[in-house]
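Examining the three-dimensional arrangement
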Amino acid sequence: MWWEGPWYGFHWMWMFPVIFLALCAAFLLLGPGRMMRAGHGRETAREILDRRYARGEISREEYQRMRKDLE
């Protein structure tokens, strides 16, 4: 067959540099610290509470009580 010649598998060789370049681009775009840190970008309970209070979802009394519970 035509694929069993001396260049067998060569037509797949272009995939490795493409995959390598895609990984390098992702690393550069996302930043090395962002890829290595687990849980980065998660909000703390205090931040969620502050956001809910700022939106008016909870009253001042509820906010103060919950904030005290978190401390």
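Keep in mind the model is a prediction, meaning the values are calculated, not measured.

1. Here's the deal with the overall build of the protein
The secondary structure content of the protein amounts to 4 helices and 0 strands. Every one of the 71 residues in the protein was classed for burial, and the buried ones make up 6%. As displayed, the protein offers around 6700 Å² of accessible surface, 64% of which is attributable to carbon and sulfur atoms.

2. Section: the confidence of the model for the protein
Summing up the model confidence of the protein, the mean pLDDT is 78 and the portion of residues at 70 or higher is 68%. For the protein, per-element mean pLDDT is lowest for helix 2 (residues 32-36), which scores 56, and highest for helix 4 (residues 60-70), which scores 93.

3. Overview of the environment of E43
Locating E43 in the fold gives a position in the loop between helix 2 and helix 3 (45-55). Beyond its immediate chain neighbours, meaning those up to four positions away, E43 contacts I48 and R51.

4. Overview of the packing of helix 3 against helix 4
Between helix 3 and helix 4, whose axes approach to 10 Å, the crossing angle comes to 175 degrees. Between helix 3 and helix 4, the angle falls in the class roughly antiparallel. Residues A45, R46, L49, D50 and Y53 of helix 3 form the contact with helix 4, whose participating residues are R60, Y63, M66, R67 and L70. A class-by-class count of the residues in the contact of helix 3 with helix 4 yields 6 nonpolar, no polar and 4 charged.

5. Focus: the packing of aromatic side chains
One pass over the structure, following the stated rule, counts 1 aromatic pair. An angle of 20 degrees between the planes, with centres 4.4 Å apart, marks the rings of Y53 and Y63 as stacked. Of this pair, Y53 sits in helix 3 while Y63 sits in helix 4, placing them 10 residues apart in sequence. The class of Y53 is partly exposed, set by a relative accessible area of 32%. According to the relative accessible area criterion, Y63 is buried, its value standing at 10%.

6. Quick word on the pattern of salt bridges
Should the charged atoms of two oppositely charged side chains come close, the side chains can pair. Enumeration according to the criterion identifies 4 salt bridges in this entry. In this structure, the salt-bridge partner of E57 is R52, at a minimum N-O distance of 3.2 Å. Across the pair E57 and R55 runs a salt bridge, and its minimum N-O distance is 3.1 Å. A relative accessible area of 44% places E57 in the partly exposed class.

Calculation rules
- Residues numbered from 1 in each chain as written.
- Predicted model: local features only at pLDDT ≥ 70, side-chain atom pairs only at ≥ 80, totals over all residues.
- Heavy atoms only, no water.
- Helix = DSSP H or I, 4+ residues; strand = E, 2+ residues; numbered from the N terminus.
- Buried < 20%, exposed > 50% of the residue type's maximum accessible area, 1.4 Å probe, protein only.
- Areas by Shrake-Rupley, 256 points an atom, 1.4 Å probe, with all protein chains shown as cover.
- pLDDT = per-residue confidence, 0-100.
- Contact = heavy atoms within 4.5 Å.
- Axes fitted to C-alpha atoms, helices over the stretch in contact; angles between N-to-C directions.
- Parallel < 35°, antiparallel > 145°, perpendicular 65-115°, else oblique.
- Nonpolar A, V, L, I, M, F, W, Y, C, P; charged D, E, K, R; others polar.
- Phe/Tyr/Trp six-rings, centres within 6.5 Å; stacked < 30°, edge-to-face > 60°.
- Salt bridge = Lys/Arg side-chain N within 4 Å of Asp/Glu carboxyl O.

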